[in-house]
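# Analysis of the macromolecular model
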Amino acid sequence: GNELPEIKDFVKTEVKSNEKSEMFGAAEDRNVIFISAESVQSFVINNEVNGEEITPFLNSLVEDKDTYYFENFYHQTQQGKTSDSEFLTENSLYPLSRGAVFFTHGQNEYHALPELLNQEDYYTSVLHSNNKSFWNRDQMYNSIGYDHFYGEEAYEVTKENSIGWGLKDKPFFEQSIKYLQAIEQPFYTKFITLTNHFPFELSEEERTIEPFNSNSSTLNNYFPTVRYTDEAIEQFFQQLKDAGLYENSIIVIMGDHYGISENHNKAMSQYLGKEEITPYDHVQLQRVPFFVHIPGNGDGKVMSKVAGQIDVKPTLLSLLGIKAENDIQFGNRLFIDDRKGYIAFRNGDYISQKHVSTSGICYNRETGEPIYQDEEELTSTEKENPCTDIKNKVEKELGYSDDIIYGDLFRFINFDEKQ
Ligand code: GP9
Ligand code: MN
């Protein structure tokens, strides 16, 4: 545990901010309904296919006066896919560069969001209609302090109402409402959707928009399943209202990771009307939607600063009015200005307000122009690689996060103690 002082110092000086947030406590004592939307990427938001809106409900949320929509929010997952996104958002630590931390370090000591909310008398649960041991969730959920996991056996799953790994999203939400009604409030509940998962299957009857037409059936079929999830979430909002659970809750919706890999770049460039998908475009395609919907708030807007999954835990804690002062987090609260200023990917690439650093190239984030490549100068204005400074910080940060996980360092910390 002798790396801890250095890590704490880094978090204190490089990550943490003392800025007061106007949103601190804005959702105090409310239930949290967190929807992890399988494979939903931001490029479908306010976009069309075959002349039709892809996500009419999510688009309406972008405009909604009770919703904060983060348009430059990035997933930061690696091989652990959904589980990595769960790990990031609930721990504000990075996943590992290989394998899934849910599997390799499922018995570590954590200081995760469910555990912290538990201490504030929240009842914490996950609802996901798949086998409980998938991604080693049953074990990891214990380690991060969940009270209950409603898995496959909590649902009535038939041949008709399921596809791929489990229930389709519409019956999933329908069948989940009774559990929400039964549990004690306030609750923190995570819903993990499933239908919009590779290979994006959906019967003809359930398609309400037509597939795209390209050489990639994966991309083609992605649109109808994204629309299906959009409709399922819309129905769920209504079900929450009908059940009297809407007003005293906040609803958070987040895409867990990309659905369309770079293997489909050709089809993707056709869809986006671009000549090619450059490394810069590829990074920009790692944006996933992040919505914070606070019924009655009235002050919702589109938030444009760079943000990521690492920021979710501190943001939610702040909204709920919980300080967690001694926590070790690598993310920032998203409702303050004084933030780290960059979002790191697991491979060392990053996005800052000004730059995108990927594949050894430093791009201007706003324009997508490459401004520095390896050691070679691309423009006369940039004498030194403007991406180097942050790159070093990113590497340090990823290393510290790894130290915590590999060394199971939270064993050595009493987070309740005054520091
Ligand atoms: C499986 C679901 C999908 O339970 O969460 O997992 P993924 O393949 O996206 O990681
Ligand atoms: Mn997933």
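Residues numbered from 1 in each chain as written. Chains lettered and ligands numbered in written order. Predicted model: local features only at pLDDT ≥ 70, side-chain atom pairs only at ≥ 80, totals over all residues. Heavy atoms only, no water.

## A short note on the layout of surface pockets
Volume-wise, the largest pocket comes out at about 750 Å³. For the largest pocket, the lining is made up of 27 residues, of which K16, S17, K323, A324 and E325 are closest to its centre. Where the lining of the largest pocket is concerned, the elements lending two or more residues are α1 (4-15) and α11 (312-319). It is α1 that contributes the most residues to the lining of the largest pocket, four residues altogether. When grouped by side-chain class, the residues that make up the lining of the largest pocket number nine nonpolar, nine polar and nine charged. (1 Å grid on protein atoms, 1.4 Å probe; cavity = no way out; pocket = protein on both sides within 12 Å on 5 of 7 lines; lining within 4 Å. Points joined across faces, edges and corners; volume = space filled by probe spheres on them. Helix = DSSP H or I, 4+ residues; strand = E, 2+ residues; numbered from the N terminus. Nonpolar A, V, L, I, M, F, W, Y, C, P; charged D, E, K, R; others polar.)

## A closer look at the nonpolar core
Within the largest apolar cluster, 82 residues are counted, with the highest numbers of intra-cluster contacts made by F70, F73, F290, L319, I328 and F330. Counting residues per element, this core draws most heavily on helix α12 (residues 388-406), which supplies six residues. Setting aside residues no more than four positions away along its own chain, F290 makes contact with Y68, Y69, F70, F73, V252, I253, M254, V312 and L334. V62, I183, F200 and F291 belong to the second-largest nonpolar core, a separate cluster that totals 50 residues. (Core = buried A, V, L, I, M, F, W, Y, C linked by side-chain atoms within 4.5 Å. Buried < 20%, exposed > 50% of the residue type's maximum accessible area, 1.4 Å probe, protein only. Contact = heavy atoms within 4.5 Å.)

## Considering the UniProt feature "binding site: substrate" (unreviewed entry) in the protein
Following the UniProt record, the feature "binding site: substrate" (unreviewed entry) maps to H197 here. By secondary structure assignment, the location of H197 is in the loop between β10 (187-192) and α8 (217-242). Contacts of H197, omitting those with residues within four sequence positions, involve E38, S39 and W165. (UniProt positions renumbered as here; feature names shortened; annotations may be inferred.)

## A look at the state of the cysteines
Applying the stated rule across the entire model yields one disulfide. Disulfide partner of C362: C387, at an S-S distance of 2.1 Å. Measuring handedness by torsion sign, the sulfur bridge of C362 and C387 sits at about 75° and is right-handed. Here C362, found in strand β18 (residues 361-364), pairs with C387, found in the loop between β20 (376-377) and α12; they are 25 residues apart in sequence, far enough to count as distant. (Disulfide = S-S within 2.5 Å.)

## Observations concerning the coordination of the manganese ion (ligand 2)
Distances from the manganese ion (ligand 2) to its protein donors, namely E38 (OE), E38 (OE), T82 (OG1), D256 (OD) and H257 (NE2), fall within the range 2.1 to 2.5 Å. One way to put it: the six donor atoms around the manganese ion (ligand 2) meet at angles of 55 to 169°, and that makes the site irregular. Taken in sequence order, the residues that donate to the manganese ion (ligand 2) follow the motif E-x43-T-x173-D-H. Pair noted here: E38 is in the loop between β1 (31-37) and β2 (48-49) and H257 is in the loop between β11 (249-255) and α9 (265-272), with a separation of 219 residues, a long-range link. (Donors = N, O, S within 2.8 Å, 3.2 Å for Na, K, Ca; no water. Tetrahedral: all angles 85-135°; square planar, octahedral: opposite > 155°, others 65-115°.)

## Topic: the packing of aromatic side chains
According to the stated counting rule, one finds 38 aromatic pairs in the structure shown. For the ring pair F70 and F335, a centre distance of 5.8 Å and an interplane angle of 70° mean the geometry is edge-to-face. With F70 in strand β4 (residues 67-70) and F335 in the loop between α11 and β15 (342-344), the pair connects residues that are 265 residues apart, well separated along the chain. Residues F70 and F335 agree in their burial class; the two are buried. Both rings, one in Y155 and one in Y179, keep their centres 6.1 Å apart while their planes meet at 80°; by these two values the pair is edge-to-face. Note that Y155 is positioned in the loop between β7 (148-150) and β8 (162-163) and Y179 in helix α7 (residues 169-182), a separation of 24 residues in sequence. Assigned by exposure class, Y155 and Y179 land together as buried. By the ring-pair criterion, three or more aromatic residues cluster together here, those being F43, F198, F200, F212, Y222, F223 and Y271. (Phe/Tyr/Trp six-rings, centres within 6.5 Å; stacked < 30°, edge-to-face > 60°.)

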